[in-house]
Amino acid sequence: MYQLGLRGRLFLSHIIVMVMGVATLLMFGRLYTSRLFMEYLQTMEFRGFLLYAMRSSLLQGFESAWSRGAFWSVIFGGGTAAALSYILSKRIMQPLLQMQRITAKFAAGEMTARMPTSDIPELSRFADSFNRMAFALEDVEQRRRDLVSDLTHELRTPLTIVEGYLEGLTDGSIEATPVIYQRLSGETQRLKRLVNDLQELSKAEAGYLPIDAKKFDLRSLLQKLVDRFSDQLIDSEKSLKLEIAADLPRAYGDPERTEQILINLIGNALHYTEVGSVVIESEVIQGMLWVSVKDTGIGISEEDLPHVFDRFWRSDRSRNRKSGGTGIGLAISKRLVEMQQGKIHVESVVNQGSTFSFSIPIAQKTIIPEKRSTQS
Ligand code: ADP
């Protein structure tokens, strides 16, 4: 069955309203104006005008004049109303049809398609919401593509190395020494670490890492970590110190996730400092507890600084690949800090050292955890 479109329906509804209005006007006009005219004639007669003989011809003349007047009013009024309602229906329909075309384009994968603004406020608000959603989806899509391409790149290198060694071992061009097996094992361990880090990162980015926020003693957590790392520093030329106030307020966050962040920051600081010191400090700034991990290591160049929290980013790819870094640790740390309503940043000078600082809410302050991050 043929279904009228919105424009047809709008137009038809306007026409029905107009026809009803005109029909009512004509019906009541015809009934009442003649009666009122008769009453007027009677009043005139009371006043002494002799109208009896002319009464019916006067009435006829009046009715014919009224009918002609009404006829032209209907023609012009109706015509204008119909034209106006046609223009109006078109004006409402045009942006709707345009929006329909744009959503279809978007659904077909054209992620850059955006709605134009409309001078109808409701449609403009709708376009606005759509555009915001489109931006978010485009961003997710872009990140997904980046992830797949980064991942392919990251997996290819160890796989190529393993493949090369295995081929060499098979055709005898490489001697099967313990060193070769160690290298093979190193590459497979790298692959395993990459897969584990990636799983953690994807959980963090999708908000599937549960945040079990509670009040906890940041001071004792820092002390525990310093003790643990210090054990590994015996006989080394670097030191690890904790310099925090005794009356540090309690933090509000997930102690395990905070530990994960700190292990990554302290681990990096020690890793990138051959000789020197790593100092952990903490202070309250603008209602948040800030923890900073300062090292006197190799530092990060100014142009590299904006990328340190990007996943898979390493300042010197080949060197860090050998050292086993995946370039995912800081991306996870950043996400974990944000999931606990904090911020993370870095300052660094090449050959002088780096300072990574992150914030965590103070216990007295109640925070509403991010909705997604509470899922498990
Ligand atoms: P990973 O250390 O596993 O490679 P991260 O995400 O933790 O991955 O770090 C990314 C990169 O940032 C490192 O490869 C390194 O180049 C740089 N980096 C991180 N921390 C430091 C630091 N304290 N000093 C110098 N460079 C650092």
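What you are looking at is a predicted structure, and each value in this text was computed from that prediction instead of being measured.

## A look at the sheet that holds strand 7 (residues 353–361)
Pairing between sheet strands relies on hydrogen bonds along the backbone, with the strands arranged either parallel or antiparallel. In space, the 5 strands of this open sheet follow the order 2-4-5-7-6, with mixed pairing throughout. Of all strands in the sheet, those bounded by a partner on one side alone are strand 2 (238–244) and strand 6 (344–349). Taken over all neighbouring pairs, the strand axes of this sheet differ in orientation by 15 degrees on average, direction set aside. As judged from the 7 bridges shared by strand 5 (residues 288–295) and strand 7, these two strands associate in the antiparallel manner. In the sheet register, leucine 289 faces strand 7, and the bridge partner there is isoleucine 360. Most of the contacts of helix 5 (residues 218–231) go to strand 2, to which it runs at about 170 degrees, and overall it touches strand 2, strand 4 (276–285) and strand 5.

## Examining unusual backbone geometry
In terms of backbone geometry, most residues other than glycine have negative phi values and most peptide bonds are trans. At aspartate 235, a position not held by glycine, the phi torsion is positive, near 70 degrees. Note on placement: aspartate 235 falls in the loop between helix 5 and strand 2. A positive phi angle, near 65 degrees, is found at glutamine 341, a position not held by glycine. Within the fold, glutamine 341 resides in the loop between helix 8 (329–339) and strand 6. You can call glutamine 341 partly exposed: its relative accessible area is 31%.

## Focus on the domain arrangement of the chain
Domain boundaries in the chain define domain 1 (6–113), domain 2 (139–206) and domain 3 (214–361). The gap between the C-alpha centroids of domain 1 and domain 2 is 78 Å.

## What to know about the environment of serine 292
Tracing the backbone through its elements, the reader meets serine 292 in strand 5. With a relative accessible area of 12%, serine 292 lands in the buried category. Sequence separation of serine 292 and leucine 198 is 94 residues, and the distance between their C-alpha atoms is 25 Å. The residues touching serine 292, leaving out its near neighbours within four places in the chain, are Val279, Ile280, Glu281, Thr355, Phe356 and Ser357.

## Here's the deal with the layout of surface pockets
Counted as a void, the second largest pocket has a volume near 560 Å³. For the second largest pocket, the lining is made up of 19 residues, of which Arg143, Leu201, Glu205, Ala206 and Arg311 are closest to its centre. Of all the elements in the fold, those that place two or more residues in the lining of the second largest pocket are helix 3 (121–171), helix 4 (178–206) and helix 8. By residue number, the principal contributor to the lining of the second largest pocket is helix 4, which donates 6 residues. Split into classes, the residues belonging to the lining of the second largest pocket amount to 8 nonpolar, 1 polar and 10 charged.

## Quick look at the side chain of serine 118
Checked against the element boundaries, serine 118 lands in the loop between helix 2 (55–107) and helix 3. Overall, serine 118 belongs to the buried group, its relative accessible area being 14%. Among the polar contacts made by the side chain of serine 118, one reaches the main-chain amide nitrogen of isoleucine 120 at a distance of 3.0 Å. Non-local contacts of serine 118, meaning those with residues more than four positions away in its chain, are made with Pro95, Leu123 and Ser124.

## Brief notes about the site of the ligand
The immediate surroundings of the ligand are formed by 20 residues, with Asn268, Asp295, Ser315, Thr326 and Leu330 found nearest. A distance of 2.8 Å separates an oxygen atom of the ligand from a polar side-chain atom of asparagine 268. Listed by contribution, the elements that provide at least two residues to the shell around the ligand are helix 6 (255–271), helix 8 and strand 7. Broken down by element, the shell around the ligand gets its largest block of residues, 3 residues, from helix 6. Along the lines of polarity and charge, the residues of the shell around the ligand split into 8 nonpolar, 10 polar and 2 charged.

## Regarding the pattern of salt bridges
Scanning the entire structure with this criterion turns up 10 salt bridges. Between glutamate 141 and arginine 145 there is a salt bridge, with its nearest N and O atoms 3.5 Å apart. Separated by 4 residues within a single helix, glutamate 141 and arginine 145 lie in helix 3, roughly one turn from each other. Exposure remark for arginine 145: the relative accessible area of 44% places this residue in the partly exposed category. Glutamate 338 is the salt-bridge partner of lysine 334, the closest N and O atoms lying 3.0 Å from each other. Placement of both lysine 334 and glutamate 338 in helix 8 is noted, with a separation of 4 residues, approximately one turn of the helix. A relative accessible area of 29% means that lysine 334 is categorised as partly exposed.

## Things to note about the packing of aromatic side chains
The tally for this structure, following the rule as stated, stands at 8 aromatic pairs. Here phenylalanine 71 and tryptophan 72 contribute two aromatic rings whose centre-to-centre distance is 5.0 Å and whose plane-to-plane angle is 75 degrees, an arrangement assigned as edge-to-face. Residue phenylalanine 71 is classed as partly exposed on the basis of its relative accessible area, which comes to 47%. With relative accessibility at 46%, the residue tryptophan 72 sits in the partly exposed group. Centroid distance phenylalanine 309 to phenylalanine 356: 6.1 Å. Interplanar angle 85 degrees. Geometry classified as edge-to-face. Of this pair, phenylalanine 309 sits in the loop between strand 5 and helix 7 (317–322) while phenylalanine 356 sits in strand 7, and the two are 47 residues apart along the sequence. Overall, the relative accessible area of 14% leaves phenylalanine 309 in the buried class.

Conventions we followed
- Residues numbered from 1 in each chain as written.
- Predicted model: local features only at pLDDT ≥ 70, side-chain atom pairs only at ≥ 80, totals over all residues.
- Heavy atoms only, no water.
- Pairing = 2+ DSSP bridges.
- Helix = DSSP H or I, 4+ residues; strand = E, 2+ residues; numbered from the N terminus.
- Axes fitted to C-alpha atoms, helices over the stretch in contact; angles between N-to-C directions.
- Contact = heavy atoms within 4.5 Å.
- Buried < 20%, exposed > 50% of the residue type's maximum accessible area, 1.4 Å probe, protein only.
- Domains from an automatic or database assignment.
- 1 Å grid on protein atoms, 1.4 Å probe; cavity = no way out; pocket = protein on both sides within 12 Å on 5 of 7 lines; lining within 4 Å.
- Points joined across faces, edges and corners; volume = space filled by probe spheres on them.
- Nonpolar A, V, L, I, M, F, W, Y, C, P; charged D, E, K, R; others polar.
- Polar contact = N/O pair within 3.5 Å; in protein donor to acceptor, adjacent residues only side chain to side chain.
- Near = heavy atom within 4 Å.
- Salt bridge = Lys/Arg side-chain N within 4 Å of Asp/Glu carboxyl O.
- Phe/Tyr/Trp six-rings, centres within 6.5 Å; stacked < 30°, edge-to-face > 60°.

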